[in-house]
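Overview (structure and organization)
Listed here are the chains, written in short residue letters.
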Amino acid sequence: MTEVSDREPQRRRVPGPARPARPASGRPRPGPGARPARRPAPGRPGAPKILRLGSARPRLRMVSLALTLVLIAFVVRLLQVQAVDASSYAAKAEQNRYVGHVLTAERGGITDRNGVALANSVDAYDLTADPTMFTRAQLKIDDGPEQAAALLAPILGVDQQSIVKKLRPKNKESRYVLLARRQTPQVWTQIKDLKSALVAKGETDKSTVNVLAGVFADPSNKRVYPNGDLAAGILGWVNDDGKGGGGVEQQYDKELAGKDGKIRYAQSGGRLVPTVGSTETPAVPGSDVELTIDRDIQWAAQNAIAKQVKESKADRGYVIVQDTRTGEILAMANAPGFDPNDLSKASSKALHNWAVEDAFEPGSTAKIMSMAAVLQQNVATPLTHVVVPNRLHRGDRLFKDDIDHETWNLTLNGVLAKSSNIGTILATGQLGKTQAQANKVLYSYLRKFGLGEYSGLGFPGETKGILAPPDKWSTSQQYTIPFGQGVSLNALQAASVYSTIANGGVRIEPTLVRGTKGPDGRFAPAPKPKKNRVVSAKTAKTLAQMLESVVDDQEGTGTKARIPGYRVAGKTGTANRVDPATGKYRGYTSSFAGFAPADNPRVTVYCAIQNATSGSYFGGQICGPIFKEVMEFALKTLQVPPTGAKAANLPVTFKP
C-alpha cells in the first residue's frame, strides 16, 4: 500500500519573466502567502490618474430635439397639403394631368325629296397645339414657335405670324389653342408626315428638334355640298363655329347640329394615357332634313335663270317651281348664286335667297288677283265688254298701257290677255259703289291670296312684302295696285297666287321641308300646311281659261311660253322697278307666272328678272322662254301626261 501523506504536496515553481526592480521603499515587502497591498483611492496622494469618457445624454437630447422639430415640420406640411390645401392641390393636379375636349356631333344631312344628298358631313380634324411644348424649356431653342409656324402656314393656308401668336399666348399656363378648324384628313396627314420626318432626322442628327411635337388633331367633321352651287340659296352654309349661317342650315340648325359630347382623359406630353379616370359622354348625331325640292328640277330652273340673267346683264333673277296640289316647292333657284363649299369666292350680295328675301312690285302678273275679285263678286264675266281708251284720267294722274293704241274694244278676257292697265282699272272700279269701297274689297282678296304676310315657311330673312291698308292708299295707289304697282311681294308669294288658282281656288301654305329623320332612323313628317279657300272652284276654273288666252291667243302677251302638247295658263309682267339704292323707279322687273296642264294643273312656275339692261326687258320676251324650259322639264320629270282636252278659246275682243 502506498502511504498517503496528510500534508499538501509541494507546488513546483516555474520561473517567470524578469520584472524590473522597484525602487526601494520603507514599506516591507510582503512574504509568500500574504495579501497584496491595497492601492490608494483616486484623488488621493500617490493614486494613478484614470481617463474617463464624457456623458452622451446632452448630445442625445439635442439630436432628439432636432429630429422632433423636423418631424413636426413634416407633419405640419403634410396636414397642410392633405387637409387644409387638399382641394386646391387636387384641382391643380387635375388641371395639369387631365385634358377635356368637346366631341363634335356629326351634323345631319340635307336631302331632296328623293333622298339625294344636297349637304352632308365628312370626317375632318380640328388642329390644336399645346403652347407649353414650344417653350425653350421644352425644345431647348428660342424660336420654336417660329419654326413650327413656318412649317404649318403653307399647309393650313394661313398667315405665319398668326400661328406664332397662338403658340406664344399671353397666358403662359395655356395648354390648348386652336390652330385651324375642320381640316381635311389630307391636311392632317401632311402634318403627321412632317412630324415623323423630324423624329427620324433627330435620331441621326441630335441637333434636329421636333418643333411639331406639340401639334395635335381632334376628330371633327366638315360640311360638304356635293352639288356645288345647286340650291345654295335654299341650303345656306355652316360658319366657322359649326352653326348654320343661312337658309335651311340656319333654320333647322338645332335639329341638324345634334348634341356635342365630352371626353376627359389623362395626358402626358400631349398624349393620351389610358386610365380609369377617363370619362366620355358620346355625341348624339343630328337629324337629317328632307326637303320638298327635286334636285333635277332645281338644276333645270337654276341653269335656265342663270343663263338669262347673264345674257340680259341683269342684277339678279329667280325661279319658283311648286306642286299645285300639295303646295310643296319643287325648285327655288337664284342667280347669281354661290358655292357654299368656298364662301371666300362668293359675293356678299349673292349670299341670299332672294326668291323670298326680295320685295318687288310684281306688275301685270298681279292682275289675276284683280280679275279673281271681279269674277268672285259677280260684277263681270270673261265676256263682259270693256272699252279701253288710249288714256284714262283718274285722281291726279293720266294712265296708259304699255303701248300706245287706239281705243280697244276688249272683253274682260281680252283685258287680261292683252295686259291692259286701263282695262283693269275700269274693271276693279266696279267692286264698290265708291272707289273707297272698291279698294276695301280688292284689299280683302289680296290678303286672302297671301300678300302682306309671311308665307309660312319661316325661312331666315323672308319678307312679307308691302301692302298698306286701303285707308292708307294714296290717290295714285288706288288705281295702280289693281295692276301690280304700289304693292310689293316676293317671288314665292307670287307663285302661291297662281298655285291657288290652279288648286281650284284653295290656297295651301308653301312648304319646303317634308320632315326630319332622327339618329334612330325614325322619320318625323313636317306639320301639315294650312289651307284656306280664296275663290270658288268655278271662279278658279274661269280664271284658268282666261290665262290660257294670254298664251294661246295670237293677241296674247305670253305666246313664247307655249308648250307643244300641253295646255298652258300664264301671265306676263313688266313692272317699273324701285332701285334699292335710291328709292326711285329705275329699270324694270320682268316676270312670267303660270301653270300646266291648264285644265288639270299639276305644276306652277314663276320667273322674275330684276333690271335687265341688255336686250328686251318685257316679261313675255325674257321670262316666257324660261317658263317654257323649266315647265317642260318638270312635266317630263314628274311624268305628267297631256290632258288632250281642247281649250275654251275665250274671245279677246268684241265688235261694237
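This is a predicted model, so every value here is computed, not measured.

A separate point is the overall build of the chain. Scanning the chain for helices and strands turns up 20 helices and 24 strands. Counting across all 656 residues of the chain, residues that qualify as buried make up 45%. Contacts in the chain between residues at least 24 apart in sequence constitute 72% of all its contacts with a sequence separation of at least 6. With an accessible surface of roughly 35900 Å², the chain has 52% of that area assigned to carbon and sulfur atoms.

Val 248, Leu 291, Met 332, Ile 368, Leu 451 and Tyr 606 are the most contacted members of the largest nonpolar core, which has 93 residues in total. Setting aside residues up to four positions removed in sequence, Leu 451 forms contacts with Met 369, Leu 446, Leu 467, Val 487, Leu 489, Gln 493 and Val 497. Counting residues in hydrophobic clusters, the runner-up holds 32 residues, among them Val 319, Val 603, Cys 607 and Phe 627.

It is the contact of helix H12 (residues 367-376) with helix H14 (residues 421-428), at a shortest axis distance of 10 Å, that shows an interaxial angle of 30°. With respect to H14, the axis of H12 lies roughly parallel. For the crossing formed where H12 meets H14, the hand is left-handed. Where H12 abuts H14, its residues Lys 367, Ser 370, Met 371 and Val 374 lie against Asn 421, Thr 424, Ala 427 and Thr 428. Here the contact of H12 with H14 is built from residues that sort into three nonpolar, four polar and one charged.

Our focus in this paragraph is the pairing of strand E14 (residues 385-388). Side-chain positions along a regular strand alternate between the two faces of the sheet. Residues Val 386 and Val 388 point to one face of E14 and are all buried, whereas His 385 and Val 387, pointing to the other face, are not buried. Judged from the four bridges that link them, E14 and strand E17 (residues 408-411) form a sheet pairing that is antiparallel. Across the sheet, Val 387 pairs through a bridge with Asn 409, a residue of E17.

Moving on, we come to unusual backbone geometry. The amide bond that connects Ala 335 to the next residue, Pro 336, takes the cis arrangement and shows omega of -5°. Along the polypeptide, Pro 336 turns up in the loop between strand E13 (329-335) and helix H11 (354-357). In this structure, the amide linkage connecting Ala 596 to the following residue, Pro 597, adopts the cis form with an omega of -20°. Relative to the assigned elements, Pro 597 resides in the loop between strand E23 (585-596) and strand E24 (603-610). In this structure, Arg 182 is a non-glycine residue whose phi angle is positive, near 45°. The residue Arg 182 is located in strand E4 (residues 177-183) in this model. The exposure class of Arg 182 is buried, given its relative accessible area of 17%. For Asn 378, which is not glycine, the phi dihedral falls at a positive 60°.

What follows deals with helix H15 (residues 435-448). One turn of an α-helix holds 3.6 residues; hence residues three or four places apart share an orientation. For H15, with 14 residues, the first-to-last C-alpha span of 20 Å sits near the 20 Å given by 1.5 Å per residue. Listing the buried residues of H15 in full gives Ala 438, Asn 439, Val 441, Leu 442, Tyr 443, Tyr 445 and Leu 446. Against the buried residues of H15 lie H12, H14 and helix H16 (477-480). Among the residues trailing H15, Gly 450 stands out with phi positive, at a value near 105°.

This part is about the packing of H12 against helix H18 (residues 537-552). Two elements in contact, H12 and H18, have axes separated by 10 Å at closest approach and are oriented at 135°. It follows from the interaxial angle that H12 and H18 lie oblique. Like other packed secondary-structure pairs, H12 and H18 cross with a definite hand, here right-handed. Facing H12, whose interface residues are Ile 368, Met 371, Ala 372, Leu 375 and Gln 376, H18 presents Thr 539, Thr 542, Leu 543, Met 546 and Leu 547. Considering only residue class, the contact of H12 with H18 consists of seven nonpolar, three polar and no charged.

With that settled, consider the side chain of Glu 509. On the secondary structure map, Glu 509 appears in the loop between strand E18 (506-508) and strand E19 (513-517). No salt bridge is formed by the buried Glu 509. Its closest oppositely charged neighbour is Lys 530, at 4.8 Å. Dropping the residues within four chain positions of it, Glu 509 is found in contact with Gly 327, Ser 455, Gly 456, Pro 529 and Lys 530.

Right, let's talk about the sheet that holds strand E22 (residues 569-578) for a bit. The antiparallel open sheet is built from five strands, whose spatial order is E13-E12-E24-E23-E22. Single-partner strands in this sheet number two, and they are E13 and E22. Strand-to-strand, the axes of this sheet are offset by a mean angle of 10°, without reference to chain direction. For strand E12 (residues 316-323) and E24, the ladder comprises eight bridges, and the chain directions are antiparallel. Residue pairing in the sheet places Tyr 318 in a bridge with Ala 608 of E24. Of the strands in this sheet, E12, E13 and E24 are in contact with helix H10 (residues 295-312), which crosses E13 at around 25°.

Cut-offs and rules
Residues numbered from 1 in each chain as written. Predicted model: local features only at pLDDT ≥ 70, side-chain atom pairs only at ≥ 80, totals over all residues. Heavy atoms only, no water. Helix = DSSP H or I, 4+ residues; strand = E, 2+ residues; numbered from the N terminus. Buried < 20%, exposed > 50% of the residue type's maximum accessible area, 1.4 Å probe, protein only. Contact = heavy atoms within 4.5 Å. Areas by Shrake-Rupley, 256 points an atom, 1.4 Å probe, with all protein chains shown as cover. Core = buried A, V, L, I, M, F, W, Y, C linked by side-chain atoms within 4.5 Å. Axes fitted to C-alpha atoms, helices over the stretch in contact; angles between N-to-C directions. Parallel < 35°, antiparallel > 145°, perpendicular 65-115°, else oblique. Left-handed = near helix turned anticlockwise from the far one by under 90°. Nonpolar A, V, L, I, M, F, W, Y, C, P; charged D, E, K, R; others polar. Pairing = 2+ DSSP bridges. Expected span 1.5 Å × (residues − 1). Lys, Arg positive; Asp, Glu negative; His and termini not counted. Salt bridge = Lys/Arg side-chain N within 4 Å of Asp/Glu carboxyl O.

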